[in-house]
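Below, each chain spelled out in residue letters.
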Amino acid sequence: MKTNFIKVIIWWILTFAIQLPCFSQVGSVIKKVGKSMAKESIEKSAKTEVKNIGRNTMEQAVVKQAVKKNIREQMINCMEKEGIESFFEYSNKKVVKKISHTRFSPVKNRINKSDYKIILSSSGNKNLSPAQKFKSEYLRSKLAKTQIKKELDAILAKDPIILDAKKLKDLLEHPEYLRAYIETYTGSRKNFQEFFIRLSMGDKEQVKRILSIPEIRRMINSSIRKANSSNGGFHEWLMTKNFEDFLTNKKWGEDGPFLALALTKLIQNTESVIFKYGGSHYLQVNSGRFHNGLAKVIEQCSSKEELFLAIKKYAKQNLTKESYRDFCKIFSEVFNTSDIII
């Protein structure tokens, strides 16, 4: 009875909206009301179509955005052409199921023509060229508008750092000089990320040599963990140990500096990192299992888009629903994304 009453109210709203002088009101109301009612059906239909397009989980995650968008567009077009009555006469589930297949081919063709097929056939290859690397245009467009990208652009606009033989020798022999070096070249002792990013622009081998000094490595690890907290009580999803790899490993290419900056941004309070198989980061129960698995996920990726989607998938697989919900909130805030790629 309650459901019928709600439908009557929504029917009245939609009918009134159609009678307005401006025909564009139809799309506006549908987007606000119809889209909300059909959300569950769209989600189910999208999952079906995604599975048909690709068997690979990562491929499915990328296509999901395009599939949902196409279904919603077709739903609006269907209502405008056939009348909103169809939405209720056949039920929203049947309408969505019907139109979901009408845009299946364009999405599939787009995937077939993309570089993704190259990636699938080259799975596990760490020497992919930039043109062959995994791409997600949706996520790429979001990352380009983040605060991280703005900070990185400001750093890349500065000159590379190359230490002469004497300065390099002094630093290697006196690790305690590092903070003074960082301040001299960047203006602040806290700008360790800028220092090493610019140093990697000048000479990656110098980055490797400097970070090979245990005392310096401990100092940088500590700086990463304390970058957003006085007590270091956060879990870095990109993992502190990968700082050097992001800046020196050729497979990351131009994505490396971005990841080196993002390392201190994509973080989650250790108390909220709780595993669905028992234990948590904070209590150190099953923490080793969790971190070992995350390390393997990162190692298998070769671009920032692939990495962030893979981490998101790993979080969903290993965290409790509440913990994963907290992760998604952080992910969305850092990368300005919606939950559509979750």
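Residues numbered from 1 in each chain as written. Predicted model: local features only at pLDDT ≥ 70, side-chain atom pairs only at ≥ 80, totals over all residues. Heavy atoms only, no water.

Quick notes on the nonpolar core
Phe196, Trp237, Phe243 and Phe308 are the most contacted members of the largest nonpolar core, which totals 62 residues. In contact with Phe243, not counting residues within four places along its chain, are Phe192, Gln193, Phe196, Leu211, Ile220, Ile224, Ala260 and Leu263. (Core = buried A, V, L, I, M, F, W, Y, C linked by side-chain atoms within 4.5 Å. Buried < 20%, exposed > 50% of the residue type's maximum accessible area, 1.4 Å probe, protein only. Contact = heavy atoms within 4.5 Å.)

Examining helix α17 (residues 255-262)
Among the eight residues that make up α17, eight are buried, leaving the element largely enclosed by the rest of the structure. Within α17 the residues assigned to the buried category are Asp255, Gly256, Pro257, Phe258, Leu259, Ala260, Leu261 and Ala262. Against the buried residues of α17 lie α9 (137-143), α10 (147-156), α13 (192-202), α16 (243-248), α19 (304-318) and α20 (321-335). (Helix = DSSP H or I, 4+ residues; strand = E, 2+ residues; numbered from the N terminus.)

Here we look at unusual backbone geometry
A positive phi angle is found at Met239, which is not glycine, with a value near 70 degrees. Mapping Met239 onto the fold places it in the loop between β1 (234-236) and α16. Relative accessible area serves as the criterion here: at 9%, Met239 is assigned to the buried category. Of note, Gln284 is a non-glycine position whose phi angle comes to about 65 degrees, a positive value. One can find Gln284 in the loop between β2 (267-269) and α18 (287-299). What makes Gln284 exposed here is its relative accessible area of 54%.

Concerning the confidence of the model for the protein
Residue-level pLDDT values for the protein average 77, and 57% of them are 70 or greater. Across residues 113-134, confidence stays below pLDDT 50; counting only partners more than four residues off in sequence or on other chains, it has 35 contacts. (pLDDT = per-residue confidence, 0-100.)

Concerning the packing of α19 against α20
Working note: a packed helix pair is described by the angle between its axes plus the distance between those axes. Their axes nearest at 9 Å, the elements α19 and α20 cross at an angle of 160 degrees. For the element pair α19 / α20, the angle class is roughly antiparallel. Remark: the crossing between α19 and α20 carries left-handed chirality. Judged by residue contacts, Phe308, Ile311, Lys312, Ala315 and Lys316 of α19 engage Tyr324, Phe327, Cys328, Phe331 and Phe335 from α20. For the contact of α19 with α20, the residue count by class is eight nonpolar, no polar and two charged. (Axes fitted to C-alpha atoms, helices over the stretch in contact; angles between N-to-C directions. Parallel < 35°, antiparallel > 145°, perpendicular 65-115°, else oblique. Left-handed = near helix turned anticlockwise from the far one by under 90°. Nonpolar A, V, L, I, M, F, W, Y, C, P; charged D, E, K, R; others polar.)

Describing the packing of aromatic side chains
Enumeration over the complete set of coordinates arrives at 15 aromatic pairs. Considering the side-chain rings of Tyr185 and Phe195, the 6.0 Å spacing of their centres and the 55 degrees angle between planes classify their relative orientation as tilted. Highlighted residues: Tyr185 in helix α12 (residues 178-186) and Phe195 in helix α13, separated in sequence by ten residues. Using a relative accessible area of 0% as the deciding quantity, one classes Phe195 as buried. One aromatic cluster is present, built from ring pairs that chain together Trp237, Phe258, Phe275, Tyr277, Phe290, Phe308, Tyr314, Tyr324, Phe327, Phe331 and Phe335. If you follow Arg289 out to its NZ or CZ, it ends over the ring of Tyr277, 3.6 Å from the centre. (Phe/Tyr/Trp six-rings, centres within 6.5 Å; stacked < 30°, edge-to-face > 60°. Lys NZ or Arg CZ within 6 Å of the ring centre and 35° of its normal.)

Notes on a positive patch on the surface
Side chains of Lys276, Lys316, Lys321 and Arg325 sit close together on the surface and give a patch of like positive charge. Tracing the chain through its elements places Lys316 in helix α19. (Patch = residues over 30% accessible without salt bridge, like charges linked within 9 Å, V, L, I, M, F, W, Y side chains within 5 Å. Areas by Shrake-Rupley, 256 points an atom, 1.4 Å probe, with all protein chains shown as cover. Salt bridge = Lys/Arg side-chain N within 4 Å of Asp/Glu carboxyl O. Lys, Arg positive; Asp, Glu negative; His and termini not counted. Charge placed at Lys NZ, Arg CZ, Asp CG, Glu CD.)

Section: a nonpolar patch on the surface
A contiguous nonpolar patch, built from Tyr282, Leu283 and Val285 and spanning about 320 Å² of accessible area, is present on the exposed surface. With respect to the element layout, Val285 can be found in the loop between β2 and α18. For Val285, a relative accessible area of 40% gives the class partly exposed.

Digging into the pattern of salt bridges
This model, assessed by the stated rule, comprises twelve salt bridges. With its nearest N and O atoms 2.8 Å apart, the salt bridge here joins Lys169 to Glu173. Highlighted residues: Lys169 and Glu173, both in helix α11 (residues 165-173), separated by four residues, approximately one helical turn. Residue Glu173 is classed as partly exposed on the basis of its relative accessible area, which comes to 46%. One salt bridge connects Lys304 with Asp255, and the closest N-O pair in it is separated by 2.8 Å. Taken together, the residues span a long stretch of sequence, with Lys304 in helix α19 and Asp255 in helix α17 at a distance of 49 residues. Comparing Lys304 with Asp255, the two get one shared label, buried.

Side note on the side chain of Asn242
Secondary-structure assignment places Asn242 in the loop between β1 and α16. Beyond its immediate sequence surroundings of up to four residues, Asn242 is in contact with Leu263 and Ile298.

As for the side chain of His291
Mapped onto the fold, His291 is located in helix α18. His291 sits in the buried class, given a relative accessible area of 19%. A polar contact is formed between the side chain of His291 and the side chain of His281, at a distance of 3.4 Å. Not counting chain neighbours up to four residues away, the residues in contact with His291 comprise His235, Met239 and His281. (Polar contact = N/O pair within 3.5 Å; in protein donor to acceptor, adjacent residues only side chain to side chain.)

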